[in-house]
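Take a look at the letters that make up each chain.
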Amino acid sequence: MEHKEDELVFFVNGKKVSVASPDPERTLLSFLRDKLRLTGTKLVCGEGGCGACTVMVSKYRPDLKRVVHLSVNACLMPLCAAHGLAITTVEGIGSSKTRLHPVQERLAKSHGSQCGFCTPGIVMSMYTLLRNKPLPDMQDIETYMQGNLCRCTGYRAILDGFKTLTSEFKGCGAKNCCQLNGQENGCGDASSGMPENGVYLEEERVGTDLVDSHKFSPYDPTQEAIFPPELMLQPEWATQSMRFVGPRVTWYRPASLQELLDLKATHPEAKLVNGNTEVGVEVKFKHCEYPVIINPSQVQELTSVTWDQAGVTFGAASTLSDIEQELHTAISQHPDWKTRVFSAITEMLRWFAGTQIRNVSAIGGNIMTGSPISDLVPLLMSADSQLTLVTSSGKRRTVPIRGFYTSYRRNVAQPDEVLLSVTVPFTAENEFFMGYKQAHRRDDDIAIVNAGIFVRMRGETVETFRATYGGMAPTAASATKTEQALIGRTWDESLLNSAIDLLLEDLPLDASAPGGMVEYRRTLTISFFFKFFLQTTAWLTGKLDKENASVLETFHRPAPASSQLFQVVPKNQPVHDLVGRPVTHVSALKQVTGEAQYCDDIPSLEDELHAGLVLSCRAHARIISVDADKALREPGATHFISAKDLEPEKNRTGPAFLDEEVFRAEKVTSMGQIIGIVLACDRATAQRAARKVKVTYEELHPIITIEDALREESFFAPQQQYEHGDVDAAITASPHVVEGSVRMGGQEHFYLEPVGCIAVPKEDNEMEVFASTQCPAGTQMNIARALGVPANRIVCKAKRLGGGFGGKESRTFCLSTAVAVAANRSGRPVRAILERDEDMASTGTRHPFLGRYRAGVTRQGKVNGVEMWLFANGGYSADLSVGVISRATTSCDNAYCLPTFRIDGKICFTNTPSNTAFRGFGGPQGCFLAETMMDDIANQLHLDPIEVRRLNMYHEAELSITRQPVLHVTLERCLDECIRRSEYQQAKEEVEKFNSSNRWKKRGLAVIPNKYGIAFGLEFLNQGGALVHIYRDGSVLVTIGGVEIGQGLYTKCYQTVTRALGVPVESVYISETSTDKVPNAVPTAASMSTDLYCAAVLDACEQLRQRLAPFRQASPQAAFQHWVNAAYMQRVSLSACGFEKTRGLTYNPESKTGAMFAYYVYGAACSVVEIDCLTGDHQVLRADIVMDIGESLNPAIDIGQIEGAFMQGYGLFCMERLKYSPKGFNYTRGPGAYKIPGFGDIPLQLNVSLLRGTSNPRAVYSSKAVGEPPLFCAASVFFAIKEAIRAARRQQGVEKPFDLHSPATPDRIRMACQDTLTDKLPPSPAPGSFVPWMVDL
Ligand SMILES: Cc1cc2nc3c(=O)[nH]c(=O)nc-3n(C[C@H](O)[C@H](O)[C@H](O)COP(=O)(O)OP(=O)(O)OC[C@H]3O[C@@H](n4cnc5c(N)ncnc54)[C@H](O)[C@@H]3O)c2cc1C
Ligand code: FES
Ligand code: FES
C-alpha cells in the first residue's frame, strides 16, 4: 500500500498551507488559532454545541462537478481531515480596515453583536448560506443557525440584520427603495430619503427603526473569492491515499475500499472517523485514546447512493446533509405513501444536531456508535432497514438492523468488519410510518425519548407492527410484546387501550435509571403511540376530529416578527452629540471580523507555560495524598504547583470572607475545586499531564440539596430577616389564607468566552495579569495577598469579555490567583483557559432557591400580611451569597406593596460549587415567589389575575420592604401600555377559543409587572472612577474602572464624551480597563456600570471643560484642538480623574430600613404560549415587553439588553435545568447536556417598547440602568405556561391547585397535564426507597 506521507496541504482564506508532520490529535481550530494566528474563530465548548468555531469548508465534488460549501465546527474537525480542502475563516471574508463583507456589516449595524464572542461563528454560518444560496429565505437562515448560540442578544437583532439579505426583506420603506424596485439584498443607496432614525413622529418623538438598512452595501455574489484553482485542477488532492503520523496517533486516509479493509485488518482496533462528532467528543471529554484513525471519506463505495425498486442504499460515510438532500428529492418525485419512512427521516434530521454537525457526520457513525438515544436508529429499526458489513477478505453480509445491537453501544459487527452501507425501504400504500422525538430544546438537542413506529394494514386489521424507542434502555428498544399482540387486531379504540398497557409493560424503567425523569419518559412512550394512533386513523379514514387534529402538527415557525418602540432625540440635537441615539456598539465592526481581541487571543509570550488543572472529583472528602510524579514525567511538563507552594495564610481567597483556598490543602468541599496546576509547554500537554496526577481521597458525607441542608441545619450566618407590622394578626384577621411553596433551579451563566487568565511575572515582584474578569481590582487584591506583595505591584487588565452575566465577578479569582502563584513560582508567563466542562463544573451558577409563603388575603385578593421563607443553595463558600439573599428577600414584594410582612432568608451551605452573582442577583428568585403568590391568590379565589396584581401594586411613595419610599412609580403606565400593545383582551379571547376547540394543545397567557431596585446592596460599592486625558491633537483618551462585557458600557461612555466635551466620536478612544489607570474599581455588576462610569466620565469631562472654558470664550469660533493647545501653552492640566458616588443611599443594615436603592426600574410583560399536553413541548407565540428605563442613552443597546435579558430569563424559567447526581456530580457540563435558548426559541412575535416621556433625576442624562431588570419579564412565559396547563387539567376535570417548579421543562409541563394517559402509569416508588439518578439542588 503506497502512501503519500506526511505532507498535509490545504488552503486557508485563499492561501496555500503545507504542514510537514501534522499531528492527527490536533483539531483544525487549534491549528487556525495557535499556528496561523487566526483567532477570529473561537473556542467555546469544543463539542460542536455552540457554533462559535464555525468555518466554511469548500471542496470540489467531481460527482456533482461543482464546488460545495459547508459550515463546519472547527473544534471537532481533525486538522488532517482538511487535506485538499479550502477553509474560509471570518478573517477571510472582510476586514474593518479594508472592506466589510455585507454579512459582517449588516450584523454589526443591526446591533446583532454585543460581547461578540459568538459573532464570528454566526457570521460564518450566514456567509456559508449565502455562498450556497445567494438569495435565501428566513427558513434557510433558521436552519443554518440551528447550531449557533448567542447568550447576549436574544437573537432578534441578528435575525433582523440577516433578514435584509433574504427574499422576504421588504426594503427600507423609502419611496425609491431599490428592494421595491426589484434589486436584491439591499441597495447601499444613501439618498433614499429615509429619516435618520426610521419612522419619526415629531410630536411624540417616537422611533421604530434602530437600523438604517438603506445604508447597507449591496450583496453581490459575483464578488466572492473563488475556489483555489489548484485544488480543482488536481483532483488527486482529494483522492490520494494519505498517512500522517503523530506522537500518539496515526491517521490513514485510504483511497479505495480494499485499502480501507486491509487497514482495518491490520488495525482491528482502529476507529473509522467520518465527522469525528462522536470520536472527537470521546477523545476530548472522556479522554479515550485511539492510536489509529482511518478516515474513509474518499472511499467511493462508502459515500455512494444507489436507488432500486426496494428503496435506497446509502454508503456508510454519507453525511446526514447529503442524505437529507437526497431524500428530499426523492420525496418530491414519488407519491406520499411511498416515501413515508423518508419523510420521517428528513423530519427527524431537521431536529438532529445543527447544520454544522449534519454537514460532516455520517450515517455509519451514528449506527456504529449505537447510542441509546440515537435519532436515526429507532427509525431505521422500525423501517426494517438492512446493514451491509464487509470484512478484509471482501466477504459481505447483510443483517437487519433489528437485532444488530447486543448491549450498550455494542453490536454484532466483528472487529475487522466495516459497515459498508444501509438500505432503507420504500413504504407500500398500506404501510404507515412516523418518527417522534422529544428533547429539552427543539433545535440541536439530543432526545429524551424518540421513536419510530410502523404499521402494515390488511384492510382494517394490523398485519405487521413495529415500534422502536430510544432513551428507554441501554440500546434502542423494540416493544416486542406490543408488536406481537397487535397483529390481527382492528385499528380502533380497543387496540389503542391494549397498546398503551402493553407498551408500559414492554418499556419499563427503573426508578434510578440513568437520565432520570422516569415517569415522564414512560409517559412519552404512550404519548407517541397515541399520536401515531391518531395519525394512522387519519390516514386510514381520511378524517380526524377537530379536537384532536392540532396535536399531530409539530410546532412550526413562520419567520419571527418583531417591533421596537423608543423615543428619538430632538431634531435640534447637534449631530456630533450621540447621547440618546441608537449608535452601534463601538467594537461591533471588530467583533464581526474577528479582529476583536479577547484574553486567549493575546499572542503567546516568550517562554509561556500552559496550565492544566487538577480539580477535585469528590463532593466532600479528605485529601490523603497528591502524587504528581507521573504527570511530571510527561514530556513537556515542567512544574506542579499546589497548596505546598503557599504558606497557609496566603492560601486563602474569596471576594469577601476569605473562606476559600487557592489550592485545596487538606479537604475538598465540592467537586471542581483546584487541587493543583501542572505547567507544560502547551495546553494539550498540560491537560494530559494534569490527568496523570493521582489524588487519593477519604470520602466524607456530602450535603447536596437545600433539603439536605435544612435537615442537617447547614447554613451560613447571618440569616436575613425583615419584619413589619403585626403580620400574625393580619393573617388571622383575613378571610382567606393562601399558602404555597415553589422551587427555582439554578442557572449556568454560559458566557461564551470561558474563564481565562494570563499572568506575566516582571521585575521587582511586579506582575501583569490579563484576565477575563468583571472585577480586575478584586483579581489584583487576591493575587497580591497570595504573593505577599503590595497591590501596587500587580496590574490587572481586561480589554473586553465574551460575556459575564455575574459569573466572572468573583468566581474568576480562584483561577487567576492560582495561575499567578504558578507564574510567580515558575518565573514564567502562565496561561490558563478553562475548558467548558471545567468551567461549568467549577465556577458556580445562579443560586437555586426554595420559597414558601403564607398570606392573609381579602376577598378581592388584596394581601393584608404575608410570611415568606427563602432558602438559597449557596454551595461550598460564602462568595456573594449574603448579597444574593439580601436582594432576594428585599425583592419578594416584586411590584406589590405588602402592608405587613415577615420575611426570612437563609443561605444553605452545601458540597456543591459555590453559587454566585447572576443577572438579577437573587432578585428574580424573590420576585418569582411574589408572583407565585399572586398567581395562587387569583386562582384559589377565582379572581382575574391582572386585577389581583393591580390591586396590590405599589402607588407613589408607598414603602418598600426596607421602608424606602417607592418613587416615580410607572407600574400602572407600564402595565396599561403592555395590555394595550399586546391586545390582551383579544389575545385572551383567542386563547379561550383555541382551548375550547383543541384537546391536546392548550394556550395560556399572562401579564407580569416588575420593579427592580438599582444600586449595590452595600453602600460603599456604589462608587466609580474614570480617567480622561486630552492630547494636543484634540484626541481624548478615556479609561474607566468598569469592564466592557458586551453590555455596551464603552459605547455609552463614548456617547457621554461627545456631549460632555462637544467633540466628535472619532476623537475619542477607550483602550482597556486596567487597575493602574483607575484604582479600586468595584466589580462591573448590579446594572450599575453606566450610572457609575458614564457619570464619572462626565465628571472628568466637566472638570476639563471648565479648564478649557477661558480658551473657548477667548476664541468661540475656534476648534476644540485650538482650545486644547491654548490651554497646554498656559500650562493647564489636560488630564482629569472623574468620580461618582451614588447619592441618597440610607439603608441601615442594623435596623434593616432605609433607602437601599437609588431608584427603581419598572416594567411589564405579556406572553402567550402554546403547549403540547402529550409531550410537554411548548412554543412562545408572542411576547410584549414595556420598560421604563428613563431617557435611554442608546435605545439600540438598551433594547438589545432587554431582548437579551428576556431570552436569558426565558432560559431560566422554561429551559435551563442543572442536573446533579445525589453525590454532587454535575451532569450538565456542556451545551450538549445543558440547553440555553437558541435561535428557534425566540417568540414568534417579540415587541419591545421603551416607555416614553419618563426621566430619572438619579442617573446620567436622565437614563436608567437596564442590564438586570428586564430578565424577570420572562416570568410571564412561565405563568402563561402554567395557565395553559391549568386549561388542560380543567378539561380533565382536575381543579385542584398544583405546583409548577421553575424551570418549566417539558417533563414538568407534561406531568402537570394530568390525563387518561398519565393515569395509566403505575404508582411511583416512595421517595427514599431508591436512589434517584438526579436531584434538584
Ligand atoms: C453537537 C452534537 C449534536 C449531536 N446531535 C445528535 C442528535 O441530535 N441525534 C443523534 O442521534 N446524534 C447526535 N449527535 C451524535 C453524532 O453526531 C452522531 O452520532 C453522528 O451521526 C456520528 O457520525 P460521525 O461521522 O461524526 O461519527 P464519528 O465520530 O466519525 O464515528 C463514530 C463511530 O462510528 C464508527 N464508524 C464510523 N463509520 C464506520 C463504518 N463505516 N464502519 C464501522 N464503524 C464505523 C467509528 O469507528 C466510531 O466509533 C450529536 C453530536 C454532537 C457533537
Ligand atoms: S467551540 Fe466548536 S461548537 Fe462550540
Ligand atoms: S454577543 Fe452573542 S454571545 Fe455575546
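Residues numbered from 1 in each chain as written. Chains lettered and ligands numbered in written order. Predicted model: local features only at pLDDT ≥ 70, side-chain atom pairs only at ≥ 80, totals over all residues. Heavy atoms only, no water.

As a matter of local geometry, ligand 1 sits amid 31 residues, with Asn274, Thr277, Val279, Ala362 and Asp375 nearest to it. At 2.9 Å from an oxygen atom of ligand 1 is found a main-chain nitrogen or oxygen belonging to Gly275. Within the backbone of Asn276, a nitrogen or oxygen atom sits 3.0 Å from an oxygen atom of ligand 1. Contact with the protein chains covers 92% of the free accessible surface of ligand 1, which is 1,000 Å². (Near = heavy atom within 4 Å. Polar contact = N/O pair within 3.5 Å; in protein donor to acceptor, adjacent residues only side chain to side chain. Areas by Shrake-Rupley, 256 points an atom, 1.4 Å probe, with all protein chains shown as cover.)

Attention shifts here to the confidence of the model for the protein chain. Taken over all residues, the pLDDT of the protein chain has a mean of 94, while the share at 70 or more is 97%. Counting interchain partners and residues more than four positions distant, the pLDDT-below-50 stretch residues 172-178 has 17 contacts. In the model, residues 186-202 has pLDDT below 50 throughout and makes 50 contacts with residues more than four positions away in sequence or in other chains. (pLDDT = per-residue confidence, 0-100. Contact = heavy atoms within 4.5 Å.)

Paired through backbone hydrogen bonds, the strands of a sheet run either parallel or antiparallel to each other. Here five strands make up an open sheet; going across it, the order is β3-β2-β6-β4-β5 and the pairing mixed. A single partner strand is all that each edge strand has here, and the edge strands are β3 (15-19) and β5 (66-73). Each strand axis lies, on average, 30° off the axis of its neighbour in the sheet, ignoring direction. In this sheet, strand β6 (residues 86-88) lies alongside strand β4 (residues 54-61) in antiparallel orientation, the contact comprising three bridges. Among the inter-strand pairings, Val57 is bridged to a residue of β6, identified as Ile87. (Pairing = 2+ DSSP bridges. Helix = DSSP H or I, 4+ residues; strand = E, 2+ residues; numbered from the N terminus. Axes fitted to C-alpha atoms, helices over the stretch in contact; angles between N-to-C directions.)

Time to look at the packing of helix α25 (residues 776-787) against helix α26 (residues 813-826). The contact between α25 and α26 brings their axes to 9 Å, and the two run at 45°. The angle between α25 and α26 places the two elements in the oblique class. Classified by chirality, the crossing of α26 by α25 is right-handed. Every residue of α26 that contacts α25 at Gly778, Thr779, Asn782, Ile783, Ala786 and Leu787 is listed here: Phe813, Ser816, Thr817, Ala820, Val821, Asn824 and Arg825. Classifying every residue of the contact of α25 with α26 gives six nonpolar, six polar and one charged. (Parallel < 35°, antiparallel > 145°, perpendicular 65-115°, else oblique. Left-handed = near helix turned anticlockwise from the far one by under 90°. Nonpolar A, V, L, I, M, F, W, Y, C, P; charged D, E, K, R; others polar.)

Summed over all chains, the structure comprises 73 salt bridges. The residue Asp601 makes a salt bridge to Arg33 at a minimum N-O spacing of 2.7 Å. In this pair, Asp601 sits in the loop between α20 (588-593) and β25 (609-615) while Arg33 sits in helix α1 (residues 28-35), placing the two residues 568 residues apart along the sequence. According to the relative accessible area criterion, Arg33 is buried, its value standing at 6%. (Salt bridge = Lys/Arg side-chain N within 4 Å of Asp/Glu carboxyl O. Buried < 20%, exposed > 50% of the residue type's maximum accessible area, 1.4 Å probe, protein only.)

For an α-helix the count is 3.6 residues per turn, leaving residues at separations of three or four pointing the same way. Across its twelve residues, α25 extends 16 Å between first and last C-alpha, which sits within 8% of the 16 Å expected from 1.5 Å per residue. Within α25, ten of the twelve residues are buried, which leaves the element mostly enclosed by the surrounding structure. All buried positions along α25 are accounted for by Pro776, Ala777, Gly778, Thr779, Gln780, Asn782, Ile783, Ala784, Ala786 and Leu787. Along its buried surface, α25 packs onto β28 (652-653), β36 (767-771), β37 (794-798), α26 and β46 (1073-1074). A positive phi of about 70° marks Gly788, the residue just after α25. (Expected span 1.5 Å × (residues − 1).)

One pass over the structure, following the stated rule, counts 28 aromatic pairs. Between Phe117 and Tyr598 the ring centres are 4.8 Å apart and the planes differ by 90°, which places this aromatic pair in the edge-to-face class. Taken together, the residues Phe117 in the loop between α2 (102-109) and α3 (119-132) and Tyr598 in the loop between α20 and β25 connect sequence positions 481 residues apart. In terms of burial, Phe117 and Tyr598 fall into one category: buried. The structure contains a cluster of three or more aromatic residues connected by ring pairs, namely Phe465, Trp491, Phe529, Phe532 and Phe533. For Lys1001, the ring lying beneath its charged end belongs to Phe555, and the centroid distance is 4.7 Å. (Phe/Tyr/Trp six-rings, centres within 6.5 Å; stacked < 30°, edge-to-face > 60°. Lys NZ or Arg CZ within 6 Å of the ring centre and 35° of its normal.)

This brings us to the side chain of Ser587. By secondary structure assignment, the location of Ser587 is in the loop between β24 (561-567) and α20. On the accessibility criterion, Ser587 (7% relative accessible area) is buried. There is a polar contact of 3.2 Å between the side chain of Ser587 and the side chain of Arg800.

We now examine the nonpolar core. One finds Phe663, Ile677, Met933, Phe1213 and Ile1281 to be the most contacted residues of the largest nonpolar core, which totals 257 residues. Of the residues forming this core, the biggest block, eleven residues, is contributed by helix α34 (residues 1089-1114). Those residues in contact with Phe1213 that sit more than four places away from it in its chain are Met744, Phe928, Leu1271, Phe1272, Ala1274, Ala1275, Phe1278, Ser1302, Pro1303 and Ala1304. Listed in part, the 85 residues of the second largest apolar core include Leu29, Tyr252, Leu379 and Phe454. (Core = buried A, V, L, I, M, F, W, Y, C linked by side-chain atoms within 4.5 Å.)

The next subject is helix α17 (residues 493-506). Along its 14 residues, α17 runs 20 Å from first to last C-alpha, staying within 8% of the 20 Å computed at 1.5 Å per residue. Taken together, the buried positions of α17 are occupied by Leu495, Leu496, Ser498, Ala499, Ile500, Leu502, Leu503, Leu504 and Asp506. Of the surrounding secondary structure, the elements contacted by the buried residues of α17 are β22 (461-470), α16 (480-485), α18 (518-541) and α39 (1316-1319).

Our focus in this paragraph is unusual backbone geometry. Backbone torsion omega between Ser1302 and Pro1303 reads 0°, so that peptide bond is classified as cis. Relative to the helices and strands, Pro1303 is located in the loop between α37 (1275-1291) and α38 (1306-1312). Positive phi values are uncommon outside glycine, yet Asn13 reaches one of about 50°. Topologically, Asn13 is positioned in the loop between β2 (8-12) and β3.

Any empty space left between the atoms is revealed when a probe the size of a water molecule rolls over them. In total, this model carries 16 cavities of 30 Å³ or more according to the counting rule given. If you add up the space inside the largest cavity, you get close to 180 Å³. Counting only elements with at least two residues in the lining of the largest cavity, the list comes to β25, β29 (660-661) and α26. By residue class, the composition of the lining of the largest cavity is nine nonpolar, four polar and four charged. In terms of lining residues, the second largest cavity is bounded by 13 residues, among which Gly745, Gly746, Leu1218, Asp1336 and Leu1337 are the most central. (1 Å grid on protein atoms, 1.4 Å probe; cavity = no way out; pocket = protein on both sides within 12 Å on 5 of 7 lines; lining within 4 Å. Points joined across faces, edges and corners; volume = space filled by probe spheres on them.)

What follows concerns the environment of Leu129. Position of Leu129 among the secondary structure elements: in helix α3. Apart from the residues within four sequence positions on either side, Leu129 is in contact with Pro136, Asp140, Ile141 and Tyr144.

So, about the side chain of Gln1047. Turning to its location among the elements, Gln1047 is positioned in the loop between β44 (1036-1040) and α33 (1049-1061). Looking at Gln1047, its side chain comes within polar contact range of the main-chain nitrogen of Ile1045, at 2.8 Å. If we ignore the near neighbours within four places in the chain, the residues touching Gln1047 are Thr1084, Ser1089, Ile1197 and Gln1201.

On to the sheet that holds strand β21 (residues 447-458). Overall, antiparallel pairing links the four strands, which are arranged β20-β21-β22-β23 in an open sheet. A strand with exactly one partner marks an edge of an open sheet, and here the two such strands are β20 (431-439) and β23 (477-478). Sheet contacts for helix α12 (residues 340-350): β20 and β21; angle to β20, the most-contacted strand, approximately 10°.

Chemically, a disulfide is nothing more than a covalent bond linking the sulfur atoms of two cysteines. Scanning the entire structure with this criterion turns up zero disulfides. No disulfide involves Cys681; its nearest neighbouring cysteine sulfur is the one of Cys80, lying 19 Å away. Residue Cys681 is classed as partly exposed on the basis of its relative accessible area, which comes to 43%. (Disulfide = S-S within 2.5 Å.)

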